Amino acid sequence: EADWYYPDTSVWGYTAGNMLGCDECGLWVHSGCSNLTRKDYDHISSGKHPIYSDEFLCRRCCQQRCHDLVEALRKEDKMLLFAIPVTEDVAGPTYHDIIKKPMDLQTMSKKVKGGKYQNYAWVREDFELMVLNALTFNRFYSKFWNEADRFYHDCTEIVFKVKGKSAPPGMYKDLVLECFRQAEKERKNEEQRTQKDDTTEKKDLVAGSQVTKITLPALRPSPDQQSCVPFKEIMLKPIEGHFCSWMESCFICGSSGASDTMLFCVDCGEAFHSFCVNAPIHSMGASSVSGWRCPNCKICEISGEVPQDELKMLFCEMCDRAFTTDRIEPPLSGAPQGLWICGQCVDCTSCKNTSEKNGISLKFWSRDPHKCYRCGGCEGLVEEYTTTMTCTVSGRLLRKDGDDIIQCKKCMKYVHIECDSVAAAAALKKGGNSSQSGSGSKYECKSCRQKKCAQA
């Protein structure tokens, strides 16, 4: 089959004197075309080769024999335990930590079609590796361990002694047999541990009336509060529980589907579908997802507590964080109509988030995700509060506890320091502590100064 081959070649392995006859189809094949070395050829000729001395097959017949062996193994797989590759969803996240060389019948079929097996002894080696993985991962004498035991012995007796008689045991046979020996040893140890000893007396018979009786108290109710959201209890069979124990299930609906929409509570660890708890997962950032709290664990993000009146709790429409109405700035008496966005989720397009000199605070909020409080994001909700919190010079909103404002000693109104040069000078004299009361500040706003000049 070599491209350079010609009838009169003298290269070893491609001459008429180096040919072998296929025991299946009767055709003759060059040793070189079968990937055999001179040493292999000499061993075959002397009858010492471990595989080909009993039966030699050409490439085509070898591939067909490998296919027949894999199909025979597939028929013996009664529980479909070896049918497809084992995934972590089925066996658990530790499977690939324990099994370093996974193998299954589907992978073996692909290797047959791709011509990866040069002889069917390699099929037996992968068969033993497949059984070794099942015996290693599963507990002794469990359901799957017993099936791997049966599969190994039945295939060895039925499949390989009939269709693969020339395939010697592979490199994994000793490890498989060692698993069987360890299992038998553990079984005997367990029998000795649990055997009944009729020669001993029970301690109650020896001590008699001196044995003190203990009365256990009644079980106390759980100190945990009942869930504030409905949840579903699902009864599973043992086999279903084995597979579902590795899966995350929604606390409310009990389903493990739509895992890409699941949120995990940072406090209790329970899983919830975002649509089951009405959480805005598509607008939540990575920090919001990692720090998300379920309805049972919600607390005020400012105080870290749950208010006595839970009607005072507000939830951000973009990150689902909770806040108390009397802790935010500006404060609210109750839940407002429409959107309510916490300050961490506001991205102001007007001031580019530069109006807050001290940075964003947990107390801040807005009703518009693209407009902060100072740029009018709270209009229509806090007019009573903002009436006295407007700069008399620029007309922009300010915060009462901010360090960028100063109060007029006459009209008691506030002004941004940057809006009035006189205010800046007064703040400088006060050592930068500009948010002064009327009694401690000598500053007069621009309007009061103009009135004073007009009266003079």
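Our subject in this report is the structure included herewith. The shown structure was predicted, so the numbers you read here are calculated from the model rather than taken from an experiment.

### Digging into the side chain of N138
1) Next: For N138, the position within the fold is in the loop between α6 (121-137) and α7 (143-160).
2) Next: The exposure class of N138 is buried, given its relative accessible area of 18%.
3) Next: At 2.8 Å, the side chain of N138 and the backbone oxygen of A134 are in polar contact.
4) Next: Those residues in contact with N138 that lie beyond four places of it in its chain are F144 and W145.

### Details of the packing of aromatic side chains
For any pair of aromatic rings, the description consists of the separation of the ring centres together with the inter-plane angle of the planes.
1) Next: In the structure shown here, the tally under the stated rule is 13 aromatic pairs.
2) Next: With 6.0 Å between their ring centres and 80° between their planes, F140 and W145 make a pair best called edge-to-face.
3) Next: Clustering of aromatic rings is evident, with ring pairs tying together F82, F127, F140, Y141, W145, F151, Y152, F160 and F180.
4) Next: Seen from the ring of F160, R124 lies directly overhead, with NZ or CZ sitting 5.4 Å from the centre.

### What about empty space enclosed by the protein?
1) Next: Taken as a whole, this structure holds 2 cavities of 30 Å³ or more when the rule is applied.
2) Next: The calculated volume of the largest cavity comes to roughly 110 Å³.
3) Next: V346, E356, I360, C372 and Y373 are, among the 15 residues lining the largest cavity, the residues nearest its centre.
4) Next: Residues that form the lining of the largest cavity fall into these classes: 8 nonpolar, 5 polar and 2 charged.
5) Next: Taken as a whole, the second largest cavity holds about 50 Å³ of empty space.
6) Next: For the second largest cavity, the full set of lining residues is S288, G291, W292, R293, K298, E301, C319, D320 and R321.
7) Next: For the lining of the second largest cavity, the per-class residue count stands at 2 nonpolar, 2 polar and 5 charged.

About the cut-offs
- Residues numbered from 1 in each chain as written.
- Predicted model: local features only at pLDDT ≥ 70, side-chain atom pairs only at ≥ 80, totals over all residues.
- Heavy atoms only, no water.
- Helix = DSSP H or I, 4+ residues; strand = E, 2+ residues; numbered from the N terminus.
- Buried < 20%, exposed > 50% of the residue type's maximum accessible area, 1.4 Å probe, protein only.
- Polar contact = N/O pair within 3.5 Å; in protein donor to acceptor, adjacent residues only side chain to side chain.
- Contact = heavy atoms within 4.5 Å.
- Phe/Tyr/Trp six-rings, centres within 6.5 Å; stacked < 30°, edge-to-face > 60°.
- Lys NZ or Arg CZ within 6 Å of the ring centre and 35° of its normal.
- 1 Å grid on protein atoms, 1.4 Å probe; cavity = no way out; pocket = protein on both sides within 12 Å on 5 of 7 lines; lining within 4 Å.
- Points joined across faces, edges and corners; volume = space filled by probe spheres on them.
- Nonpolar A, V, L, I, M, F, W, Y, C, P; charged D, E, K, R; others polar.

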